There are 2 protein chains.
Amino acid sequence: MFPEFESYLRSQTTVTREELQLICSKAVERKLRRKEAILQEGEICRYKTFISSGILRTYRTREEGSEHILQFMPEDTWAVDPESYNEEVRSNYFIDALEDSKILQWAKADFVALLNNIPAFKNFSEKIISANIYLNRQRVFSSISSTAEEKYDEFIQSYPGLFARVPLHMVASYLGVTRETLSRIRHAQTKRD
Amino acid sequence: MFPEFESYLRSQTTVTREELQLICSKAVERKLRRKEAILQEGEICRYKTFISSGILRTYRTREEGSEHILQFMPEDTWAVDPESYNEEVRSNYFIDALEDSKILQWAKADFVALLNNIPAFKNFSEKIISANIYLNRQRVFSSISSTAEEKYDEFIQSYPGLFARVPLHMVASYLGVTRETLSRIRHAQTKRD
DNA sequence: TCAAATCGGTGACAAATGTCCTCGTTTTCC
DNA sequence: GGAAAACGAGGACATTTGTCACCGATTTGA
């Protein structure tokens, strides 16, 4: 039914065929066109979202209008605003598609029931959440200890292939520098090799 | 027995008197002198630690030797390296005391048992962890979107009183700037008012 | 108590980064 | 298919930040 998700979950967990079917039975498939959003600032994040294909991003704007990208979510990853989803408060973030994408969504009540009924799925979910906690701490450390060039190198290392799929000015936004700065760093690097 | 911790937990949770006694019965009190460490790089973080009085910090060093502070933990907060504690891997961080401090520690096995046996305590623990996730995301956003001065202002807002207790060069380390930069920011601000 | 370490401010200069602009190419989407 | 938008590079200049060196005041700890 959802071949990408099914092979993803089989390779990552020990859920049985029946459990997998149960999980899929609660999912809603959605196709997104480039620039289409699944969460807007001020809304409550009511779904867990799995990206089957394409790329989404999480970003936030400041009062003056500048956009700042917190995260890229390519295929085989999840998209959610944890605070809005857990606490059911209005989100500060936007989540939208950078390419035409295919996603699966579970309403919170359904997802909670699945976690409670399928221990292997709950374990897996907790593993994903933990990994995100570790990543965010790593990112905070990087933000206070690395130069712009080091952050760029870390990005390339951590997300090989992603750079080719997202515009340079969005990578700059993710890194917290201007696109001009990133352009300079790349220029200096190509000269060095 | 542990008056600071007991009043902290009573005010934050609905644990009963008996549950509180059970929790305290597993705690080990420790007094730290300034600069004394409870976790060193390369060790496994085997305890949950509550700070009854004083201040601790979590920091990490780079190869060249520079220190970068990820977090300050004053009284009524918790200290742990989540990744090392959860996954039982060697930590990249140091945790030590900035002032003479009094702490309570629970061995992981004991703490896990308490969480399983006391639902109100588990709820509370999850609340703390969630709050930390939200804070870290906020901090990542701030790191890519705010100027050094804005980060300084946010720090003062978020942790009033902490600034007075922590040396300026450590606040600079936490913010990811040099002490000279922070000195300049403060100078400019005092001139403006 | 007192020598040593820590701490914070400052000036001079260098390096990194931001801002503003133009330009040519590529991509998007009616 | 073609106009419009998005994209990335680069130059010129301003601003911010880092680096280094020095100094005096304060704190620390034996």
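Residues numbered from 1 in each chain as written. Chains lettered and ligands numbered in written order. Predicted model: local features only at pLDDT ≥ 70, side-chain atom pairs only at ≥ 80, totals over all residues. Heavy atoms only, no water.

A.B. asks: Explanation requested: the pairing of strand E5 (residues 67-74) of chain A in the structure shown.
C.D. replies: Put simply, side chains in a regular strand alternate between the two faces of the sheet. Residues and elements named next belong to chain A. Within E5, six of the eight residues are buried, which leaves the element mostly enclosed by the surrounding structure. For strand E4 (residues 55-61) and E5, the ladder comprises seven bridges, and the chain directions are antiparallel. Its bridge partner lying in E5, Thr58 is registered against Gln71. From the end of E4 to the start of E5, which pair antiparallel, there are five residues, and Gly65 there has a positive phi angle of about 110 degrees. (Buried < 20%, exposed > 50% of the residue type's maximum accessible area, 1.4 Å probe, protein only. Helix = DSSP H or I, 4+ residues; strand = E, 2+ residues; numbered from the N terminus. Pairing = 2+ DSSP bridges.)

A.B. asks: I tried to follow the sheet that holds strand E3 (residues 47-53) of chain A on my own but got confused; where do I start?
C.D. replies: Two modes of strand pairing occur in sheets, parallel and antiparallel, and in both the strands are linked by backbone hydrogen bonds. Residues and elements named next belong to chain A. Here four strands make up an open sheet; going across it, the order is E1-E8-E3-E6 and the pairing antiparallel. For this open sheet the edge positions go to strand E1 (28-32) and strand E6 (78-79), each flanked by a neighbour on one side alone. As paired elements, E3 and E6 share two bridges and run antiparallel to each other. If you follow Phe50 over to E6, its bridge partner there is Trp78.

A.B. asks: Just checking my understanding: could you explain the protein's contact with DNA strand C for this structure?
C.D. replies: DNA strand C sits among 19 residues. The nearest are Glu180, Thr181 and Arg184 of chain A together with Leu168 and His169 of chain B. Of all atoms in DNA strand C that approach within 4 Å of the protein, 58% are sugar or phosphate atoms. Separating a phosphate oxygen of DNA strand C from a side-chain N or O atom of Thr178 of chain A is a distance of 3.0 Å. Breaking the surface near DNA strand C down by element, the ones donating at least two residues are helix H9 (179-192) of chain A together with helix H8 (168-175) and helix H9 (179-192) of chain B. No other element matches H9 of chain B, which puts six residues into the surface near DNA strand C. When the residues that make up the surface near DNA strand C are grouped by side-chain class, the tally is four nonpolar, six polar and nine charged. (Near = heavy atom within 4 Å. Polar contact = N/O pair within 3.5 Å; in protein donor to acceptor, adjacent residues only side chain to side chain. Nonpolar A, V, L, I, M, F, W, Y, C, P; charged D, E, K, R; others polar.)

A.B. asks: So what exactly am I meant to see when it comes to the relation of the copies chain B and chain A here?
C.D. replies: Put simply, the two copies of the chain differ by a rotation about an axis and a shift along that axis. Each copy of the sequence occupies a distinct position, and chain B is placed on chain A by a rotation of 180 degrees and an axial shift of 0.0 Å, giving an RMSD of 0.0 Å. Seen this way, the second copy is the image of the first under a two-fold rotation axis. Interface overlap between copies is the fraction of interface residues in one copy that are interface residues in the other; for chain B against chain A it reaches 100%, indicating a shared surface. (Least-squares fit on C-alpha atoms with pLDDT ≥ 70 in both. Contact = heavy atoms within 4.5 Å.)

A.B. asks: Can you walk me through the packing of helix H4 (residues 108-117) of chain A against helix H5 (residues 119-145) of chain A in this structure?
C.D. replies: Think of two packed helices as two axes; the pair is described by the angle between the axes and how far apart they sit. Residue and element names in this part refer to chain A. Running from N to C, H4 and H5 cross one another at 110 degrees; their axes reach a closest spacing of 5 Å. Compared by their axis directions, H4 and H5 come out roughly perpendicular. Between H4 and H5, the residues in contact are Phe111, Leu114, Leu115, Asn116 and Asn117 and Pro119, Phe121, Lys122 and Ser125, respectively. Across the contact of H4 with H5, the residue classes tally to five nonpolar, three polar and one charged. (Axes fitted to C-alpha atoms, helices over the stretch in contact; angles between N-to-C directions. Parallel < 35°, antiparallel > 145°, perpendicular 65-115°, else oblique.)

A.B. asks: For this particular structure, what's the right way to read the protein's contact with DNA strand D?
C.D. replies: Looking at DNA strand D, there are 18 residues lining it, with Leu168 and His169 of chain A together with Thr178, Thr181 and Arg184 of chain B nearest. Near-protein atoms of DNA strand D (within 4 Å) split between backbone and bases, with sugar and phosphate holding 64%. A distance of 3.2 Å separates a phosphate oxygen of DNA strand D from a polar atom in the backbone of His169 of chain A. Within the side chain of Arg179 of chain A, an N or O atom sits 3.4 Å from a base nitrogen of DNA strand D. A per-element tally of the surface near DNA strand D places H9 of chain A first, with six residues. Broken down by class, the residue content of the surface near DNA strand D amounts to four nonpolar, six polar and eight charged.

A.B. asks: Just to check I follow, could you spell out the domain arrangement of chain A for this structure?
C.D. replies: Note on interface size: it is often stated as the accessible area lost on association of the parts. Residues and elements named next belong to chain A. Domain boundaries assigned for chain A yield domain 1 (3-126) and domain 2 (146-193). Of note, the centres of domain 1 and domain 2, computed from C-alpha atoms alone, are 26 Å apart. Taken together, the 13 residues of domain 1 in the interface contact eight residues of domain 2. Of the roughly 840 Å² buried where domain 1 meets domain 2, counting both sides, 63% is carbon and sulfur surface. Three residues stand out in domain 1 for area buried against domain 2, namely Ile55, Ile69 and Phe72, and they jointly supply 57% of the buried area on that side. There are two salt bridges connecting domain 1 and domain 2. (Domains from an automatic or database assignment. Buried area = accessible area lost by both parts, 1.4 Å probe. Salt bridge = Lys/Arg side-chain N within 4 Å of Asp/Glu carboxyl O.)

A.B. asks: What should I look at first to understand the sheet that holds strand E7 (residues 94-97) of chain B in this one?
C.D. replies: Residue and element names in this part refer to chain B. Taking strand neighbours across the sheet as the criterion, the four strands line up as E2-E7-E4-E5 in an open arrangement whose pairing is antiparallel. Looking at which strands have only one partner, the edges of the open sheet turn out to be strand E2 (37-39) and strand E5 (67-74). Taken over all neighbouring pairs, the strand axes of this sheet differ in orientation by 25 degrees on average, direction set aside. Across four bridges, the pairing between strand E4 (residues 55-61) and E7 is antiparallel. Residue pairing across strands places Thr58 opposite Ile95, the latter belonging to E7.

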